[in-house]
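What follows is the residue order along each chain.
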Amino acid sequence: MLQRIQSIYLLFASLVLFALFFFPLAHNVYINDKPSSIMVTGIYQDVNGVQQHTESFVALTAITAIVALVPLVIIFLYKNRKQQIAFCYSAMLVLIGYSFWMAQTVKGAAGNITLDTHSMGIGLFLTSLSIILIIFAQKSIKKDEKLVKSADRLR
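These figures come from a predicted structure and were not determined experimentally.

(A) Representation of the side chain of Glu145 in the model. Mapping Glu145 onto the fold places it in helix H4 (residues 123-154). Overall, the relative accessible area of 15% leaves Glu145 in the buried class.

Next comes the structure, spelled out in structure tokens:
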């Protein structure tokens, strides 16, 4: 059962969430008159052309790691598809809340500066992509459940 398409979707959802550690949530934002990048690990400012880590987001970093592991855990619940579907719904709700928290963290770190399309980073869109991948996985799990039920009727 691990070789099913939903496992691929869930694996990609997890990889996309782990990519949050590499891509900025916002870049080219001026904090204290210095160009800065905001990532899930903290704020990085350009000081004399070198990126320095000036502020850490410990809670956001820890929750990001936990949230990124959730789709991997869902993969290994393949023996109980109903539980897998329930966890997919739960993961989507958690990701929506996580996205809101992440956006509020960026907004709080940037101060009165409004983020436009030039300063938004790829990281702000990665949670939306992972939600879409989890929706695809959930639909595939439902399709498998339907197939198993139809095969059981034939017996």
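(B) Looking closely at the pairing of strand S3 (residues 42-47). Sheet topology places strand S2 (residues 34-39) next to S3; 4 bridges connect them, and they run antiparallel. In the sheet register, Ile38 faces S3, and the bridge partner there is Ile43. Counted along the chain from S2 to the antiparallel partner S3, the turn is 2 residues long. Between S3 and strand S4 (residues 50-56), which pair antiparallel and follow one another directly, the connecting turn spans 2 residues, one of which, Asn48, has a positive phi of 55°.

(C) Spatial organisation of the packing of aromatic side chains. In the structure shown here, the tally under the stated rule is 1 aromatic pair. Taken together, a centroid distance of 5.6 Å and an interplanar angle of 50° make the contact between Tyr9 and Phe136 tilted. Placement of the pair is Tyr9 in helix H1 (residues 5-18) and Phe136 in helix H4, with a sequence separation of 127 residues. When its relative accessible area of 24% is taken as the criterion, Tyr9 is described as partly exposed. When its relative accessible area of 39% is taken as the criterion, Phe136 is described as partly exposed.

(D) Geometry of a nonpolar patch on the surface. Where nonpolar side chains cluster on the molecular surface, the patch consists of Ile5, Ile8, Leu11, Phe12 and Leu15 and spans about 430 Å² of accessible area. For Leu15, the location among the structural elements is in helix H1. A relative accessible area of 47% means that Leu15 is categorised as partly exposed.

(E) Region of interest: the confidence of the model for the protein. In the predicted model, the protein carries a mean pLDDT of 85, and the fraction of residues at 70 or more is 90%. Model confidence for the protein, summarised as mean pLDDT per element, is weakest for strand S1 (residues 26-31) at 78 and strongest for H1 at 93.

(F) Structural view of the nonpolar core. Of all hydrophobic cores here, the largest spans 36 residues; its most connected members are Leu10, Leu20, Leu25, Ile38, Val40, Tyr98 and Ile134. Elements with a minimum of two residues in this core: H1, S1, helix H2 (58-75), helix H3 (81-110) and H4. With 10 residues, the single largest contributor to this core is H3.

(G) Molecular detail of the sheet that holds S4. The strand order S1-S2-S3-S4 describes an open sheet built from 4 strands, whose pairing is antiparallel. Each edge of the open sheet carries a strand with a single partner, namely S1 and S4. Adjacent strand axes in the sheet meet at a mean angle of 35° when their direction is disregarded.

(H) H3, seen in detail. The first and last C-alpha atoms of H3 sit 43 Å apart over 30 residues, in line with the 44 Å expected at 1.5 Å per residue. At the exit of H3 stands Gly111, carrying a positive phi of roughly 80°.

(I) Main features of the side chain of Gln138. With respect to the helices, strands and loops of the structure, Gln138 is situated in helix H4. Taking relative accessible area as the criterion, Gln138 reaches 5% and is therefore assigned buried. Here Tyr89 takes part through its side chain, which lies 2.9 Å from a polar atom of the side chain of Gln138.

Here is what the cut-offs are and how they apply
- Residues numbered from 1 in each chain as written.
- Predicted model: local features only at pLDDT ≥ 70, side-chain atom pairs only at ≥ 80, totals over all residues.
- Heavy atoms only, no water.
- Helix = DSSP H or I, 4+ residues; strand = E, 2+ residues; numbered from the N terminus.
- Buried < 20%, exposed > 50% of the residue type's maximum accessible area, 1.4 Å probe, protein only.
- Pairing = 2+ DSSP bridges.
- Phe/Tyr/Trp six-rings, centres within 6.5 Å; stacked < 30°, edge-to-face > 60°.
- Patch = residues over 30% accessible without salt bridge, like charges linked within 9 Å, V, L, I, M, F, W, Y side chains within 5 Å.
- Areas by Shrake-Rupley, 256 points an atom, 1.4 Å probe, with all protein chains shown as cover.
- Salt bridge = Lys/Arg side-chain N within 4 Å of Asp/Glu carboxyl O.
- pLDDT = per-residue confidence, 0-100.
- Core = buried A, V, L, I, M, F, W, Y, C linked by side-chain atoms within 4.5 Å.
- Axes fitted to C-alpha atoms, helices over the stretch in contact; angles between N-to-C directions.
- Expected span 1.5 Å × (residues − 1).
- Polar contact = N/O pair within 3.5 Å; in protein donor to acceptor, adjacent residues only side chain to side chain.

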